[in-house]
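# Coordinate analysis (summary)
Now for the letters of each chain:
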There are 2 protein chains.
Amino acid sequence: MLIRQSESRDDDAIWRILEPTFRAGETYPIPRDISRTDALAYWRLPDHTVFVAEDADRIVGTYYLRANNRGGGAHVANCGYVVAPEASGRGVARAMFSHSLEQARLRNFTAMQFNFVIASNERAVRLWQSLGFDIAGRLPGAFWHPRLGMVDAFVMTRTL
Amino acid sequence: MLIRQSESRDDDAIWRILEPTFRAGETYPIPRDISRTDALAYWRLPDHTVFVAEDADRIVGTYYLRANNRGGGAHVANCGYVVAPEASGRGVARAMFSHSLEQARLRNFTAMQFNFVIASNERAVRLWQSLGFDIAGRLPGAFWHPRLGMVDAFVMTRTL
């Protein structure tokens, strides 16, 4: 798997990956009916660096890296990761996380924080815990899940 | 005290209030050298509704109200409050909070979350606790305080 910084020519592939996740509305607090333009603008916010994971010349995942805050909070990184549905279970998230950890260290971040890991996304919670993240907080009822209704979300952190 | 939605003619007064807080760098994760333009752009982000508190025709505080997330997280409000240094200790923050609670309810938010209450800002932590907020999480070392060095930050939540 090759993980590299994205270019604008990757937009179609990134949207192909983001669309099913955002349409499902189960893991990201993004409107389920978000347009391609708005989704790409969100993923590519000016302070985001966006990467793509390629497997056999096909883009199977994408993530962004940014500072979670500015000023006195600028030493903590934040990332968001999405894997293409057909590539699920093949270690793409884990590979992207490993890459993001290295990139965050290169940029002198000393910690990483995920602000909103939906509690019902148990696979993600377990993955992040296995990769050194602690649950720093539980946000009661912070997310309306389209099938489950109101669920909690976790703030997860780890040092780098 | 009159609390009302801000207008563009309030920008000078808002900046007069924000500047000492942002320059001190002890309570908001904002660059201490932020410019007036960038500070006002941050305070007036497109998804923020900004209010000002007037006492005897002088603006003594300002706050913003926004949805903390979109999509499945859009039912949780987020606010930031700043009080003019000369008006400190006169209940301005409490009055603005009370106003924000009402405004948040009017907008059908069902909870409020503060994402980043610096632990060394003990007065704020106590105020929010007295106003019904719980510490939902502690973010270890999430903030570089200009005098104290690395300090924790709290995520605080309450229902509306």
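Fair warning: this is a prediction, and the values are worked out from it, not measured in the lab. (Residues numbered from 1 in each chain as written. Chains lettered and ligands numbered in written order. Predicted model: local features only at pLDDT ≥ 70, side-chain atom pairs only at ≥ 80, totals over all residues. Heavy atoms only, no water.)

## Topic: the interface of chain B and chain A
Formally: Working rule for contacts: check all heavy atoms of both residues, and any pair within 4.5 Å makes them a contact. Summed over both partners, the accessible surface that disappears when two parts come together, traced with a 1.4 Å probe, is what is meant by buried area. One speaks of a salt bridge when a side-chain nitrogen belonging to Lys or Arg is within 4 Å of a carboxyl oxygen belonging to Asp or Glu. Two N or O atoms form a polar contact when they lie within 3.5 Å of each other; inside protein one atom must be a possible hydrogen donor and the other a possible acceptor, and for residues adjacent in sequence the pair counts only when both atoms belong to side chains. Only DSSP runs of H or I covering at least 4 residues are called helices, and only runs of E covering at least 2 are called strands; the numbering of each starts at the N terminus. By the convention adopted, Pro, Cys, Tyr, Trp, Phe, Met, Ile, Leu, Val and Ala count as nonpolar, Lys, Arg, Asp and Glu as charged, and the other residues, Gly among them, as polar.
Contacts between chain B and chain A engage 26 residues on the former and 26 residues on the latter. Both faces considered, chain B and chain A share a buried interface measuring about 1900 Å² in area, 58% of it formed by carbon and sulfur atoms. Sorting the residues of chain B by area buried against chain A places Arg70(B), Gly72(B) and His75(B) first, and these three jointly supply 26% of that buried surface. Inspection of the region where chain B meets chain A yields zero salt bridges. If you look at where chain B meets chain A, you find eight residue pairs in polar contact (both at pLDDT 80 or more). Listed by contribution, the elements that provide at least two residues to the side of chain B that touches chain A are β5 (111-118), β6 (134-145) and β7 (149-159) of chain B. Here the element with the most residues in the side of chain B that touches chain A is β6(B); it accounts for nine residues. Here the side of chain B that touches chain A is built from residues that sort into 15 nonpolar, nine polar and two charged.

## Some thoughts on the relation of the copies chain B and chain A
What connects the two chain copies is a rotation about an axis and a shift along it. Condition: When the copies are superposed, the least-squares fit draws on C-alpha atoms of residues that have pLDDT of at least 70 in both.
Overlaying chain B with chain A gives an RMSD of 0.0 Å, the required rotation being 180° about an axis along which the chain moves by 0.0 Å. Accordingly, the operation relating the two chain copies is best matched by a two-fold axis. Minimal C-alpha separation from the rotation axis in chain B is found for Gly137(B), amounting to 1.8 Å. Here 100% of the interface residues in chain B have copies in chain A that are interface residues too; the copies meet face to matching face.

## Quick look at the environment of Leu18(A)
All names here are of chain A. Of note, Leu-18 is situated in helix α1 (residues 11-24). In this structure the C-alpha to C-alpha distance between Leu-18 and Ala-124, which are 106 residues apart in sequence, comes to 16 Å. Those residues within four positions of Leu-18 in sequence are excluded, and the remaining contacts are Ala-39, Trp-43, Thr-62 and Val-82.

## Focus: the pattern of salt bridges
Oppositely charged side chains can form a pair if their charged atoms are brought close together. Residues and elements named next belong to chain A. To be explicit about the condition: Each residue gets one of three labels from its accessible area relative to the maximum for its type: buried under 20%, exposed over 50%, partly exposed in between, using a 1.4 Å probe on protein chains only.
The tally for this structure, following the rule as stated, stands at 24 salt bridges over all chains. With a shortest N-O distance of 2.9 Å, Glu-26 and Arg-147 are connected by a salt bridge. Taken as a pair, Glu-26 in the loop between α1 and α2 (36-43) and Arg-147 in the loop between β6 (134-145) and β7 (149-159) lie far apart in primary sequence, 121 residues in all. Classification of Arg-147 as exposed rests on a relative accessible area of 61%. Across the pair Arg-138 and Asp-152 runs a salt bridge whose closest N-O atoms are separated by 2.5 Å. Of this pair, Arg-138 sits in strand β6 while Asp-152 sits in strand β7, and the two are 14 residues apart along the sequence.

## So, the packing of aromatic side chains
All names here are of chain A. Formally: Each aromatic pair joins two rings of Phe, Tyr and Trp (for Trp, the six-membered one) with centres within 6.5 Å, and gets the label stacked for planes under 30 degrees apart, edge-to-face for over 60, and tilted for any other angle.
What the rule picks out here adds up to 34 aromatic pairs over all chains. Ring centres of Phe-97 and Phe-133 lie 5.6 Å apart, and the angle between their planes is 65°; this geometry places the pair in the edge-to-face category. A residue pair is termed long-range when its members are at least 10 positions apart, and Phe-97 in helix α3 (residues 92-106) and Phe-133 in the loop between α4 (122-130) and β6 qualify at 36 residues. Accessibility classification places Phe-97 together with Phe-133 in one group, the buried group.

## Description of the environment of Leu139(B)
Mapping Leu139(B) onto the fold places it in strand β6. Residue classification places Leu139(B) among the buried residues on the basis of a relative accessible area of 1%. Apart from residues no more than four positions distant in its own chain, Leu139(B) is found in contact with Gln113(A), Ala136(A), Val155(A), Thr157(A), Asn115(B), Phe116(B), Asp152(B), Ala153(B) and Val155(B).

## Some words on the side chain of Asp11(B)
All names here are of chain B. Among the structural elements, Asp-11 can be located in helix α1 (residues 11-24). With a relative accessible area of 18%, Asp-11 lands in the buried category. Filtering out sequence-adjacent residues up to four positions away, Asp-11 remains in contact with Arg-36, Leu-40 and Arg-44.

## Focus on the pairing of β7(A)
Residue and element names in this part refer to chain A. As a reminder, the rule being used: Paired strands are those between which DSSP finds at least two bridges.
The element β7 is largely enclosed, with a buried count of eight among its eleven residues. Across six bridges, strand β5 (residues 111-118) lies against β7 in antiparallel orientation. For Met-112, the partnering residue across the bridge sits in β7 and is Arg-158. Here β6 runs beside β7; their pairing, made up of eight bridges, is antiparallel.

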